[in-house]
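The primary structure of each chain is shown beneath.
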Amino acid sequence: MGRWGLVGTGRMASALHSTILAMPDGEVVAVTSTSRRRAETFASLHQIEGVYSSVEAMARDRAVEFVYIASTNDRHHDDTITCLDANRPVLVEKPFSMNRRQAEAMVQRARMRQTFLMEAMWMRFQPAILRLIELIEIETIGPIRHLSANFVIVVPDDPERRWFSAALGGGSVYDLGVYPLALAQMLLGRPEQVASLSVLGPTDVETQSGINLRYPNGALA
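Read on for an overview of the structure. Predicted model only: the values in this text are computed from it and were never measured.

Reading guide: rules and limits
Sequence order as written defines the numbering, with residues in each chain counted from 1. With pLDDT at 70 or above as the cut-off, local features in this predicted model cover only qualifying residues; side-chain atom pairs require 80 or more to be listed or tallied, and sums for whole chains, interfaces and linings still use all residues. Based on all heavy atoms of the structure, the side-chain values leave hydrogens and waters out of the count. With axes taken as lines fitted to C-alpha atoms, and helix axes fitted only over the stretch in contact, angles between N-to-C directions fall between 0 and 180 degrees. Put simply, DSSP marks the helices as runs of H or I at least four residues long and the strands as runs of E at least two long, and each gets a number from the N terminus on. In these notes the angle categories are as follows: under 35 degrees is roughly parallel, over 145 is roughly antiparallel, 65 to 115 is roughly perpendicular, and the rest is oblique. Contacts are residue-level and defined by heavy atoms, with any inter-residue pair within 4.5 Å sufficient. Charged means Asp, Glu, Lys or Arg here, nonpolar means Ala, Val, Leu, Ile, Met, Phe, Trp, Tyr, Cys or Pro, and polar covers whatever is left, Gly included. Under the pairing criterion, centres of Phe, Tyr and Trp rings, with the six-membered ring standing for Trp, must be within 6.5 Å; the plane angle then separates stacked pairs below 30 degrees from edge-to-face pairs above 60, leaving the rest tilted. For every residue, the accessible area (1.4 Å probe, protein chains only) is compared with the maximum for its type, and the residue is labelled buried under 20%, exposed over 50%, or partly exposed between those bounds. By this definition, two strands are paired if DSSP reports at least two bridges between them.

## What about the packing of helix α4 (residues 76-85) against helix α5 (residues 100-113)?
α5 packs onto α4 with a crossing angle of 5° between their chain directions and a minimal axis gap of 10 Å. Taken together, the axes of α4 and α5 are roughly parallel relative to one another. Residues H76, H77, T80, I81, L84 and D85 of α4 form the contact with α5, whose own contacting residues are Q102, A105, M106, R109, A110 and R113. Residues that form the contact of α4 with α5 fall into these classes: 5 nonpolar, 4 polar and 3 charged.

What follows is the structure, encoded as structure tokens:
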């Protein structure tokens, strides 16, 4: 599993920390955050030796073999580029980036550096999803004509939290919509037409979104 550095100290960083330790030879050796105090608190709680005030400094640590990026959505591009430039393989939380331009730049940099880069889309490795894909491939299930997928959570109604911050990449599509969209992409490929409607909250991020996709074979999602 190797030696990992964590960018971010939130819930997902804690979850991956536990997963890494559960794997053979897995170890978290460093952590960084936009807040040095949060990094120090996280390191003390999880007994992590390396504590850094910047992604650049952590990426230079020779003890770090792989990096998991769990910073806020708006930082995924910059933090990924920084780690790739240090030749550190990167697992970046969803959403991969804030837009297509950033995504293309990240992939281009990974190819230029010949360094591994992947979005942490856990659903792609979920046993039930893998079994579903298998059943479709062996035609136990016929061609998909329509996919309906929903993802809803209740979050604290606090405009200061990242969910409601446009600057931090908040909103229902980045946080939740990526999952049903990823499922549609896995099962149906690339759509030929997209139509969507959203409800904007007081902070101008979408609190609800509906997305309709049409595919060349006539399927809908």
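## Quick notes on the packing of aromatic side chains
Applying the stated criterion across every chain, the model contains 3 aromatic pairs. Judged by centre distance (5.9 Å) and plane angle (50°), the ring pair of W122 and Y179 falls under tilted. On the criterion of sequence distance, the pair formed by W122 in the loop between β6 (117-120) and α6 (127-137) and Y179 in helix α7 (residues 172-188) is long-range, its members being 57 residues apart. Note on W122: relative accessible area 48%, which makes it partly exposed. Look at Y179 and you get buried, because its relative accessible area is 10%. Among the aromatic residues, ring-to-ring pairing joins W122, F151 and Y179 into one connected group.

## Looking at the sheet that holds strand β5 (residues 90-93)
The parallel open sheet is built from 6 strands, whose spatial order is β3-β2-β1-β4-β5-β6. Both edges of this open sheet fall to β3 (50-52) and β6, since each of them pairs with a single strand only. Across the sheet, the mean angle from the axis of one strand to that of its neighbour is 25°, orientation sign disregarded. Across 4 bridges, the pairing between β5 and β6 is parallel. In the sheet register, V92 faces β6, and the bridge partner there is E119. Docked against the sheet, helix α2 (residues 36-46) engages β1 (2-7), β2 (26-32) and β3, running at close to 165° with respect to β3. Set on the sheet, α4 makes contact with β1, β4 (66-69), β5 and β6; between it and β5 the angle comes to about 175°.

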